[in-house]
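Listed below are the residues making up each chain.
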Amino acid sequence: MKLDGKVALVTGSSQGIGQAIAVKLASEGAKIVIDYRSHPEGAEETLRQVNEIGSQCHLSKDHAPEGYTVKADLGDVEQVRALVNAAIQHFGHLDILVNNAGMERHAPFWEVREADYDAVLNVNLKGAFFAAQALTQHLIETERPGKIINISSVHEELPFPNFAPYCLSKGGMKMMARDLAVELGPYGITINNVAPGAIETPINTKLLNDAEKLGALLQNIPLNRLGKSEDIATLVAFLASDEANYITGSTFVVDGGLLWNYHEQ
Ligand code: BGC
């Protein structure tokens, strides 16, 4: 298995894309730290699925995938550091960080409130930045290589009217990967972004319930369907593995062709 012996922290893994990534990485042999903020029941469900996969794997007990849940608000740097430390304490080391936790708030630019701006930027960008920093400190100290994977968005490239703070955060993630790739390369630490398009997850509940908007969006997606969380998770598992050792500072778009075919609705 690709991730045998590795420990991975997936932020925001109580639902949606994060949950699918946690389960996929476990299916490749990794031990998983499941982070959640407000859905303990979702985190428990992720844990159940991770442990189920663990018990299906015919590996020695030391190597079987298993999960561990931790509550943390990614918008608070102290909690981010505590989360990374909890992961290291629990499993002894940490090799892979998936910066998946993210949120968006709808408002025209001229109505964006400071509190909403801060909420989005703090979780999506500041949390990812300081989680990466805490992992890097651990890796440099223990002289281990590692992998950081950011779940950004097609909106690290593409404007998304009425979601300006979200676009800023994803644009920041784009530069985060490029900049840190250069700084961390000499330590054997890679960083890459996976940029989903429209995926069937709770962040899109409103869209999924609006037939007209959904129809218009589908016309923009050459593959003519929304993505599934598993479409993202497969790529993350590859980028987290040694097969991707020579890849860093890149963004990989998983969007059914949306980015090259986008017309504003
Ligand atoms: C956003 C979704 C949106 C999709 C495509 C994602 O980053 O979270 O709300 O549907 O991009 O525009």
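The coordinates are above.
Reading the values: the criteria
Residues numbered from 1 in each chain as written. Predicted model: local features only at pLDDT ≥ 70, side-chain atom pairs only at ≥ 80, totals over all residues. Heavy atoms only, no water. Helix = DSSP H or I, 4+ residues; strand = E, 2+ residues; numbered from the N terminus. Contact = heavy atoms within 4.5 Å. Buried < 20%, exposed > 50% of the residue type's maximum accessible area, 1.4 Å probe, protein only. Near = heavy atom within 4 Å. Polar contact = N/O pair within 3.5 Å; in protein donor to acceptor, adjacent residues only side chain to side chain. Areas by Shrake-Rupley, 256 points an atom, 1.4 Å probe, with all protein chains shown as cover. Nonpolar A, V, L, I, M, F, W, Y, C, P; charged D, E, K, R; others polar. Core = buried A, V, L, I, M, F, W, Y, C linked by side-chain atoms within 4.5 Å.

A.B. asks: Can you walk me through the environment of Ala-119 in this structure?
C.D. replies: Note on placement: Ala-119 falls in helix 4 (residues 114-142). Spatially, the C-alpha atom of Ala-119 lies 6.9 Å from that of Gly-75, the residues being 44 residues apart in sequence. Dropping the residues within four chain positions of it, Ala-119 is found in contact with Met-103 and Arg-105.

A.B. asks: Got a minute to help me understand helix 8 (residues 229-239) in this structure?
C.D. replies: One turn of an α-helix holds 3.6 residues; hence residues three or four places apart share an orientation. Along helix 8, the residues that are buried comprise Ser-229, Ile-232, Ala-233, Leu-235, Val-236, Ala-237 and Leu-239. Those residues of helix 8 that are buried lie in contact with helix 1 (16-27), strand 4 (96-99), strand 5 (146-151), strand 6 (189-196) and strand 7 (251-254).

A.B. asks: In this structure, what is going on with the site of the ligand? I would like to understand it.
C.D. replies: Neighbouring the ligand are Glu-104, Ser-153, His-155, Phe-160, Tyr-166, Gly-197, Ala-198, Ile-203, Asn-204 and Leu-258. In this structure, Tyr-166 approaches the ligand through a side-chain N or O atom, which is 2.7 Å from an oxygen atom. Asn-204 has a polar side-chain atom sitting 2.9 Å from an oxygen atom of the ligand. Burial of the ligand by the protein chains amounts to 92% of its free accessible area of 310 Å². The residue inventory of the shell around the ligand, partitioned by class, reads five nonpolar, four polar and one charged.

A.B. asks: Even after reading the chapter, I still don't get the nonpolar core, so can you show me in this structure?
C.D. replies: Within soluble globular proteins, side chains that are nonpolar generally end up buried alongside one another. Membership of the largest hydrophobic core comes to 39 residues, with the highest contact counts inside it found for Leu-9, Val-33, Leu-94, Leu-97, Ile-148 and Ile-191. Counting only elements with at least two residues in this core, the list comes to strand 1 (7-10), helix 3 (77-91), helix 4, helix 5 (164-184) and strand 6. Counting residues per element, this core draws most heavily on helix 4, which supplies ten residues. Setting aside chain neighbours within four positions, we find Val-33 in contact with Val-7, Ala-8, Leu-9, Val-10, Ser-13, Tyr-68, Val-70, Ala-87 and Phe-91. Residues Val-98, Ala-233, Val-236 and Val-254 belong to the second largest nonpolar core, which totals 34 residues.

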